[in-house]
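# Close look at the chain arrangement
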Amino acid sequence: MTFELFMMQTPKIVVLVSGRGSNLQALIDAQTKNQIQSHISLVISNKPNAFALERAQKAGIRTLVITDQNRKTLFKNLLQTLKNENPDWIVLAGFMKILPPEFIQTFPQKIINIHPSLLPDFKGLNAQKQALEAGVSQTGCTVHFVDEGCDTGPIILQKTEAILPNDTVESLSARLLQKEHACLVEALQLLEKKS
Ligand code: GRF
């Protein structure tokens, strides 16, 4: 296959991260095993010491740090970078910032997020703790398109996870994380089929 043909056929993903990057790793592994057709062209972090950057570099993926000392500058630089990169999808994989409306308008139905609850339940931070405190018998994870709200956009895929009697935030989060990884990869596969 020529390089030009590869570029035409292969959807491009940019992944935005802030920390550990296990969901990024799930995408890298899926790409390596040809479970998804998309390729990750760039990983952007707003934290210079995010472990996600090491994961990307180990996989030979370009990385960029756009620090967030100044919120306005961060989003201006980030938006320009994303416009230049022109990806098919932008994946928020543990990116701990809410994107301003201009991003949603510039990339409608192209920005997706992974969240550790069955949305619309338990939006925002500490979703696993919220689920435990609510005393529900099951929770889960959601991959959804990002809209102008916080964890409110159209749902692409969800997976459920039972809450066990002795669960702690740590034990529940660890099990949920495994579900998140599978959910994110399957959601990408669904998007690829529809595109
Ligand atoms: C995940 O639980 C994700 O759902 C949430 O932030 C966490 C990121 O984990 N948005 P990781 O950086 O992908 O390991």
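Details of the structure are given in the entry above.
Residues numbered from 1 in each chain as written. Predicted model: local features only at pLDDT ≥ 70, side-chain atom pairs only at ≥ 80, totals over all residues. Heavy atoms only, no water.

### Quick look at the overall build of the protein
Within the protein, the secondary structure is distributed over seven helices and seven strands. In summary, the protein has a C-alpha radius of gyration of 17 Å against a globular reference of 16 Å for 195 residues, a match within 12%. Counting all 195 residues of the protein, 49% fall into the buried class. Considering only intrachain contacts with a sequence separation of at least 6, the fraction spanning at least 24 residues in the protein is 61%. (Helix = DSSP H or I, 4+ residues; strand = E, 2+ residues; numbered from the N terminus. Rg over C-alpha atoms; globule rule 2.2 N^0.38 Å. Buried < 20%, exposed > 50% of the residue type's maximum accessible area, 1.4 Å probe, protein only. Contact = heavy atoms within 4.5 Å.)

### Concerning the sheet that holds strand β1 (residues 12-17)
With mixed pairing, the seven strands of this open sheet are ordered in space as β3-β2-β1-β4-β5-β6-β7. Among the strands making up the open sheet, the edge pair consists of β3 (62-65) and β7 (155-162). Strand after strand, the sheet turns through a mean of 20° between neighbouring axes, direction not considered. In this structure, strand β6 (residues 138-145) lies alongside β7, joined through seven bridges in antiparallel fashion. The partner of Thr139 across the bridge, within β7, is Glu161. Contacting β1, β2 (39-45) and β3, helix α3 (residues 51-58) runs over the sheet at an angle of about 155° to β3. (Pairing = 2+ DSSP bridges. Axes fitted to C-alpha atoms, helices over the stretch in contact; angles between N-to-C directions.)

### Remarks on the packing of aromatic side chains
Tallying each qualifying case throughout the model produces one aromatic pair. Ring centres 5.7 Å apart and planes at 75° place the aromatic pair Phe75 and Phe103 in the edge-to-face group. Placement of Phe75 in helix α4 (residues 71-85) and of Phe103 in helix α5 (residues 101-106) is noted, with a sequence separation of 28 residues between them. Since its relative accessible area comes to 6%, Phe75 is described here as buried. (Phe/Tyr/Trp six-rings, centres within 6.5 Å; stacked < 30°, edge-to-face > 60°.)

### Examining the pattern of salt bridges
Tallying each qualifying case throughout the model produces six salt bridges. The residue Glu161 makes a salt bridge to Arg175 at a minimum N-O spacing of 2.8 Å. Remark: Arg175 occurs in helix α7 (residues 169-194) and Glu161 occurs in strand β7; sequence separation between them is 14 residues. Residue Arg175 is classed as partly exposed on the basis of its relative accessible area, which comes to 24%. Among the salt bridges present, the one from Asp167 reaches Arg175, with a minimum N-O distance of 2.6 Å. Ionic contacts of the salt-bridge type, sharing partners, join the residues Glu161, Asp167, Arg175 and Lys179 into one network. (Salt bridge = Lys/Arg side-chain N within 4 Å of Asp/Glu carboxyl O.)

### Here's the deal with the packing of helix α2 (residues 22-32) against α7
Put simply, α2 and α7 touch, their axes get as near as 9 Å, and they point 45° apart. Classified by the angle their axes make, α2 and α7 are oblique. Of the two possible hands of crossing, α2 and α7 adopt the one that is right-handed. Residues Ser22, Asn23, Ala26, Leu27 and Ala30 of α2 form the contact with α7, whose own contacting residues are Leu177, Glu180, His181, Leu184, Val185 and Leu188. (Parallel < 35°, antiparallel > 145°, perpendicular 65-115°, else oblique. Left-handed = near helix turned anticlockwise from the far one by under 90°.)

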